[in-house]
4 protein chains.
Amino acid sequence: MSEVIAADQLRLLIERIERLSEERQGIADDIKDVYAEAKSVGFDVKTIRKIVARRKVEAHHAKEADTLFATYAAALGMQLAFDI
Amino acid sequence: MSEVIAADQLRLLIERIERLSEERQGIADDIKDVYAEAKSVGFDVKTIRKIVARRKVEAHHAKEADTLFATYAAALGMQLAFDI
Amino acid sequence: MSEVIAADQLRLLIERIERLSEERQGIADDIKDVYAEAKSVGFDVKTIRKIVARRKVEAHHAKEADTLFATYAAALGMQLAFDI
Amino acid sequence: MSEVIAADQLRLLIERIERLSEERQGIADDIKDVYAEAKSVGFDVKTIRKIVARRKVEAHHAKEADTLFATYAAALGMQLAFDI
């Protein structure tokens, strides 16, 4: 081996990464369960995802983005379900 | 080697994949250039991406999705820049 | 609104998703910190990622995959740093 | 509209993006076909993808990466199908 490495140190780092990755996967599965629960009581998952994404954006930024989107869409003659 | 394989056949397949991948990368770069051009004349790239994505969706499907989104948002008391 | 929805139920579902997503992001940041720590003491992050990925694969499956890879590489005359 | 925009210019840009995106999708489909062809004559698609990825890497870089990987694996007592 051209390179002698601190095997124990490497092992500890990797085991920490693996434990945290497992924890993260567990939470990802929990999130999937909540979406499945939402679907089972009649909600639309795709729309919930859009709402969750939207709630991360500052209200005034979201409003600006909507307005610009509607401006471009109107310039292209696109029919939207809403009016600004 | 436990497995004798048709080396020439494998080479031809891989070279075809590589040629096509190169072609695809070239077009991806062309798309990037168009977005850069749009930005340089003052358009908002993020909004153009939303418009491009929107134009792939059937108008009535898009309208249904907008309506459902607005319904959920209203139920949660979220302020949107538009009214259905 | 064409569709009356259970606003409270929707809110609870979304708030659960948001809490879990925050938790997941916290763990993702912790993982990033461990990789940064590994890098700071001289380990190669890219190689650690390969090792973490490899440790998820059953040893005999990994061995089969390596052998097949080496077989294809040899058929194409590719120089590898290892011999099967 | 708070913002008057060059509708024709926007339309041309978007139509160029759409044409290029369609071309790119066509090539992506062609690549998928080649992989399907490779599979149909008995090759392992996953291994071919690794070979294609490997052939993009400079030989000496690839060798260094393999050596480092084997060094870390040996330090952790992992059984590999190959020896450096």
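Quick caveat, the model's predicted, so the values are computed rather than measured.

J.: Let's hear about the packing of aromatic side chains: which residues, and what values?
T.: Per the counting criterion, the structure on display carries four aromatic pairs over all chains. Ring geometry for F43 of chain A and Y72 of chain B: centres 5.8 Å apart, planes at 90°, overall edge-to-face. Residue F43 of chain A is found in the loop between α1 (7-40) and α2 (45-54), and its partner Y72 of chain B is found in helix α3 (residues 59-75); the two belong to separate chains. Judged on exposure class, the residue F43 of chain A and its partner Y72 of chain B are both buried. Lying across the ring of Y35 of chain A, R49 of chain A places its NZ or CZ 4.1 Å from the centre.

J.: Describe α3 of chain B, and please don't skip the residues or the numbers.
T.: Between its terminal C-alpha atoms α3 of chain B stretches 24 Å, which fits the 24 Å expected from 17 residues at 1.5 Å a residue. Residues of α3 of chain B that are buried include every one of A62, D66, L68, F69, A70, T71, Y72 and A73 of chain B, and no others. Buried positions along α3 of chain B lie against α2 of chain A, α2 (45-55) of chain B together with α1 (7-40) of chain C. A positive phi of about 70° marks G77 of chain B, the residue just after α3 of chain B.

J.: Describe the relation of the copies chain D and chain B, listing the residues and the values that go with them.
T.: Taken as rigid bodies, chain D and chain B are interconverted by a rotation of 180° and an axial shift of 0.0 Å, the fit giving an RMSD of 0.0 Å. What we have between these two chains is a two-fold relation. Relative to the rotation axis, the C-alpha of R24 of chain D is the closest in chain D, positioned 2.8 Å from it.

J.: I'd like a rundown of the confidence of the model for chain A, residues and numbers included.
T.: Residue and element names in this part refer to chain A. Per-residue pLDDT for chain A has a mean of 91; in total, 90% of the residues score no lower than 70. Here helix α3 (residues 59-75) is the element of chain A with the lowest mean pLDDT, 92, and α1 is the one with the highest, 98. Two summary scores accompany this predicted model of the complex, namely pTM at 0.84 and ipTM at 0.83.

J.: Outline the interface of chain A and chain C, supporting the account with residue identities and numerical values.
T.: Residue-level contacts link 28 residues of chain A with 28 residues of chain C. Summing both sides of the interface, chain A and chain C together bury roughly 2,800 Å²; the carbon and sulfur share of this comes to 75%. When the buried surface of chain A facing chain C is broken down by residue, I17, V34 and F43 of chain A rank first, second and third, together holding 21% of it. Viewed at the interface, chain C and chain A are joined by four salt bridges.

J.: Describe the UniProt feature "domain: GapR-like DNA-binding" (unreviewed entry) in chain A, naming the residues involved and giving the relevant values.
T.: Summarizing the sequence annotation, UniProt attributes the feature "domain: GapR-like DNA-binding" (unreviewed entry) to residues 6-77 of chain A in the numbering used throughout. Overall, residues 6-77 of chain A shows 85% helix and 0% strand. The separation of its end C-alpha atoms is 64 Å.

J.: Run through the environment of R54 of chain C, naming residues and quoting values.
T.: Residue and element names in this part refer to chain C. Examined against the element boundaries, R54 turns out to sit in helix α2 (residues 45-55). For the pair formed by R54 and F43, sequence separation is 11 residues and the distance between their alpha carbons is 17 Å. Within the structure, R54 has its side chain in polar contact with the side chain of D66 (distance 2.5 Å).

J.: Pulling in residues and values, what's your account of the interface of chain D and chain B?
T.: In this assembly, 28 residues from chain D lie in contact with 28 residues from chain B. Summing both sides of the interface, chain D and chain B together bury roughly 2,800 Å²; the carbon and sulfur share of this comes to 74%. Here R16 of chain D ties to E37 of chain B by a salt bridge, and the two come within 3.0 Å at their closest N and O atoms. Taken together, chain D and chain B are joined by four residue pairs in polar contact (both at pLDDT 80 or more). Of all the secondary-structure elements, those providing two or more residues to the side of chain D that touches chain B are α1 (7-40) and α2 (45-55) of chain D. The leading source of residues in the side of chain D that touches chain B is α1 of chain D, at 20 residues. Residue composition of the side of chain D that touches chain B, grouped by class: 18 nonpolar, two polar and eight charged.

Reading the values: the criteria
- Residues numbered from 1 in each chain as written.
- Chains lettered and ligands numbered in written order.
- Predicted model: local features only at pLDDT ≥ 70, side-chain atom pairs only at ≥ 80, totals over all residues.
- Heavy atoms only, no water.
- Phe/Tyr/Trp six-rings, centres within 6.5 Å; stacked < 30°, edge-to-face > 60°.
- Helix = DSSP H or I, 4+ residues; strand = E, 2+ residues; numbered from the N terminus.
- Buried < 20%, exposed > 50% of the residue type's maximum accessible area, 1.4 Å probe, protein only.
- Lys NZ or Arg CZ within 6 Å of the ring centre and 35° of its normal.
- Expected span 1.5 Å × (residues − 1).
- Contact = heavy atoms within 4.5 Å.
- Least-squares fit on C-alpha atoms with pLDDT ≥ 70 in both.
- pLDDT = per-residue confidence, 0-100.
- Buried area = accessible area lost by both parts, 1.4 Å probe.
- Salt bridge = Lys/Arg side-chain N within 4 Å of Asp/Glu carboxyl O.
- UniProt positions renumbered as here; feature names shortened; annotations may be inferred.
- Polar contact = N/O pair within 3.5 Å; in protein donor to acceptor, adjacent residues only side chain to side chain.
- Nonpolar A, V, L, I, M, F, W, Y, C, P; charged D, E, K, R; others polar.

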